[in-house]
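So the chains spell out like this:
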Amino acid sequence: MRELILKMFMSLDGFVGSTDGNNTWMINPDPVAKAWGVERAWDAGLHIMGSHTFREMVGYWPISTDDYAPPMNQILKAVFSRQGPAILDAARAVLDKSDALQPGAESWADAYVASGDLAREVARLKAQEGKPIFAYGGAAFARGFVAQGLVDQFDLMVHPLALGQGLPIFTELAQPRRLTLVNSKPFPRGSILQTYRPA
């Protein structure tokens, strides 16, 4: 049985996305934080994401030379999509037209497509052997996991800025949920990784 770890960037006032879609504030210029994040990414046995994030990532990581590209390309993926296997057409299109693919890029076209009930699909993935599942995505995708209590650990990289308004992930809780802070790791330029587990 493996755990699901939700990885999100968060503003100081608790938002994981901007209402206008401009999320450049998430780009962390701190080289220490980036190096730590790349090393941590290798701890995943599976990357899972929603269809919107999948399309964005498949358009970038297969040809990227960024330090994050090796773990993002080489670790297995699962995409949650109501479209079913058709979602993989985006990956095949990128792979077919590029002659500068990075090692492991083909894994995007081989992603497992989860199109059934969210809790049932997550239970199936958790039941497999291996390293933890890292979940990435937008606010709506994350809200589903949070609301149904499917997250075993929250890795929230809190950036030192306030948005004033934005997209939260804890708005669909039926009742307050207590979390336990298990780690807090500050980085030189002000970001803090806050790691929580259900109490």
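For clarity, every value in this text was computed on a predicted model and none was experimentally measured. (Residues numbered from 1 in each chain as written. Predicted model: local features only at pLDDT ≥ 70, side-chain atom pairs only at ≥ 80, totals over all residues. Heavy atoms only, no water.)

### Notes on the sheet that holds strand E8 (residues 192–198)
Heads up, the condition is: Strands are labelled as partners when DSSP assigns at least two bridges between them. Per the convention used, a helix needs a DSSP run of H or I reaching at least four residues, while a strand needs a run of E reaching at least two, with both numbered from the N terminus. Axis definition: a line fitted to C-alpha atoms, over the contacting stretch in the case of helices. Angles run 0 to 180 degrees between N-to-C directions.
The strand order across the open sheet formed by 8 strands is E4-E3-E2-E5-E1-E6-E8-E7, and the pairing between neighbours is mixed. For this open sheet the edge positions go to strand E4 (112–114) and strand E7 (179–186), each flanked by a neighbour on one side alone. This sheet shows a mean twist of 25° between the axes of neighbouring strands, independent of strand direction. One ladder, built from 3 bridges, connects strand E2 (residues 46–50) with strand E5 (residues 133–135); its direction is parallel. The partner of Ile48 across the bridge, within E5, is Ala135.

### Remarks on the environment of Lys126
Selection criterion: A 1.4 Å probe rolled over the protein chains alone gives each residue an accessible area, and that area as a share of the maximum for its type sets the label: buried under 20%, exposed over 50%, partly exposed in between. Contacts are residue-level and defined by heavy atoms, with any inter-residue pair within 4.5 Å sufficient.
Among the secondary structure elements, Lys126 is positioned in helix H5 (residues 118–126). Residue class for Lys126 comes out buried when judged on its relative accessible area of 10%. Remark: the alpha-carbon pair of Lys126 and Met1, spanning 125 residues in sequence, is separated by 5.5 Å. Those residues in contact with Lys126, other than ones at most four positions away along the chain, are Met1, Arg2, Leu4, Ile133, Leu150 and Asp152.

### Topic: the layout of surface pockets
We count it as follows: Within this scheme a cavity is a closed region of a 1 Å grid, computed over the protein atoms alone, that accommodates a 1.4 Å probe without allowing it to escape, whereas a pocket is open but has protein on both sides within 12 Å along at least five of seven lines; lining residues each have an atom within 4 Å of a point. Grid points are joined across faces, edges and corners, and a volume is the space filled by probe spheres set on the points. Each residue gets one label: Ala, Val, Leu, Ile, Met, Phe, Trp, Tyr, Cys and Pro are nonpolar, Asp, Glu, Lys and Arg are charged, and the others, such as Gly, are polar.
Estimates place the volume of the largest pocket at around 1800 Å³. In this structure, the largest pocket is lined by 46 residues; those nearest its centre are Thr53, Met57, Tyr136, Gly137 and Gly138. Counting only elements with at least two residues in the lining of the largest pocket, the list comes to strand E1 (4–10), helix H1 (31–41), helix H2 (51–58), helix H6 (139–147) and strand E6 (153–158). Per-class residue counts for the lining of the largest pocket are 24 nonpolar, 16 polar and 6 charged.

### Observations concerning the packing of aromatic side chains
As a reminder, the rule being used: Between rings of Phe, Tyr and Trp, where Trp is taken as its six-membered ring, a pair exists when centres lie within 6.5 Å; planes separated by under 30 degrees are stacked, by over 60 edge-to-face, and by other angles tilted. Lysine NZ or arginine CZ positioned within 6 Å of the ring centre and within 35 degrees of the ring normal marks a charge as sitting over the ring.
With the rule as written, the count across this model stands at 8 aromatic pairs. The interplanar angle of 80° and the centroid separation of 5.7 Å between the aromatic rings of Phe80 and Phe145 together place this pair among those described as edge-to-face. Of this pair, Phe80 sits in strand E3 (residues 77–80) while Phe145 sits in helix H6; the two residues are 65 residues apart in sequence, bridging distant segments of the chain. The pair formed by Phe80 and Phe145 is uniform in burial state, with each residue classed as buried. Over the ring of Phe134 we find Lys7; its NZ or CZ atom is 5.0 Å from the centre of that ring. In this structure, Lys77 is placed above the aromatic ring of Trp108, and the distance from its NZ or CZ to the ring centre is 4.6 Å.

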